[in-house]
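Below, each chain spelled out in residue letters.
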Amino acid sequence: MPTERELAISPIVQESVQHNTRVVSNIRSLTASLFGVASGILGLESYAGFAFYLIGTFFVSVLIWAFLAKGKQGEYFQGPLSELWAGDVLGGGMSFVLTWTLFYGLVRA
């Protein structure tokens, strides 16, 4: 938790934090659907499909950290671990499973 002096030097603008969280959430939702399409087309089943999603989500987090946050996630997010690295993993997982089963059924039927 930052001290009062640190907040006075670099204050946190709540609108900017909300915008950053919304952008990361949109990116995660889109990529979760794309990972679902890819795993459905590849015909992945069971643990292989979920491992594909988790590895892809980690890769997207690294890209967000490198390109959008420029390696300084503390400046863009209040809780970098929860918002950048682990945020919306379960929410994106629902759209992943939806598109995964849809495309698996379309390709294999």
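Under an unreviewed UniProt entry, the name given to the protein is ER membrane protein complex subunit 6, and the organism recorded is Stereocaulon virgatum. Within the UniProt record for the protein, the comment given under Sequence similarities (unreviewed entry) is "Belongs to the EMC6 family." Comment text from UniProt for the protein, heading Subcellular location (unreviewed entry), reads "Endoplasmic reticulum membrane".

Description of the overall build of the protein
Along the protein, the regular secondary structure elements total six helices and zero strands. Its helices and strands taken in sequence order, the protein reads α-α-α-α-α-α from the N to the C terminus. For the protein, the proportion of its 109 residues judged to be buried stands at 25%. By sequence separation, contacts in the protein at least 24 residues apart represent 74% of the contacts at least 6 residues apart.

Comments concerning helix 6 (residues 89-108)
When the terminal C-alpha atoms of helix 6 are compared, their 27 Å separation across 20 residues agrees well with the 28 Å that a helix rising 1.5 Å per residue should span. Along helix 6, the residues classified as buried are G92, G93, F96, T99 and W100. The arc enclosing the buried residues of helix 6, seen along the axis, measures out at 145 degrees, which places them on a common side. Opposite the buried face of helix 6, by more than 90 degrees, sit the exposed residues L90, M94, L98 and L106. The elements touched by buried residues of helix 6 are helix 2 (14-42) and helix 3 (46-68).

Re a nonpolar patch on the surface
Together, I41, L102, L106 and V107 make up a nonpolar patch on the protein surface, roughly 370 Å² of accessible area in all. Looking at the nonpolar patch, the element that brings in the most residues is helix 6, giving three residues. Looking at the element boundaries, L102 is found in helix 6.

A look at unusual backbone geometry
One non-glycine residue, S46, lies in positive phi territory at about 55 degrees. Within the fold, S46 resides in helix 3. In this structure S46 comes out as partly exposed when scored by relative accessible area, which is 45%.

Quick look at the packing of helix 2 against helix 3
For any two helices packed against each other, one specifies the inter-axial angle together with the distance between the axes. Where helix 2 contacts helix 3, the axes come no closer than 10 Å and their chain directions differ by 145 degrees. Crossing of helix 2 against helix 3: the hand is right-handed. Along the contact surface, helix 2 presents V23, V24, I27, R28, T31, A32, F35, A38 and S39, while helix 3 presents F52, Y53, G56, T57, V60, S61, I64 and L68. Looking at side-chain class alone, the contact of helix 2 with helix 3 contains 11 nonpolar, five polar and one charged residues.

About the cut-offs
Residues numbered from 1 in each chain as written. Predicted model: local features only at pLDDT ≥ 70, side-chain atom pairs only at ≥ 80, totals over all residues. Heavy atoms only, no water. UniProt positions renumbered as here; feature names shortened; annotations may be inferred. Helix = DSSP H or I, 4+ residues; strand = E, 2+ residues; numbered from the N terminus. Buried < 20%, exposed > 50% of the residue type's maximum accessible area, 1.4 Å probe, protein only. Contact = heavy atoms within 4.5 Å. Expected span 1.5 Å × (residues − 1). Arc of directions from axis to C-beta. Patch = residues over 30% accessible without salt bridge, like charges linked within 9 Å, V, L, I, M, F, W, Y side chains within 5 Å. Areas by Shrake-Rupley, 256 points an atom, 1.4 Å probe, with all protein chains shown as cover. Salt bridge = Lys/Arg side-chain N within 4 Å of Asp/Glu carboxyl O. Axes fitted to C-alpha atoms, helices over the stretch in contact; angles between N-to-C directions. Left-handed = near helix turned anticlockwise from the far one by under 90°. Nonpolar A, V, L, I, M, F, W, Y, C, P; charged D, E, K, R; others polar.

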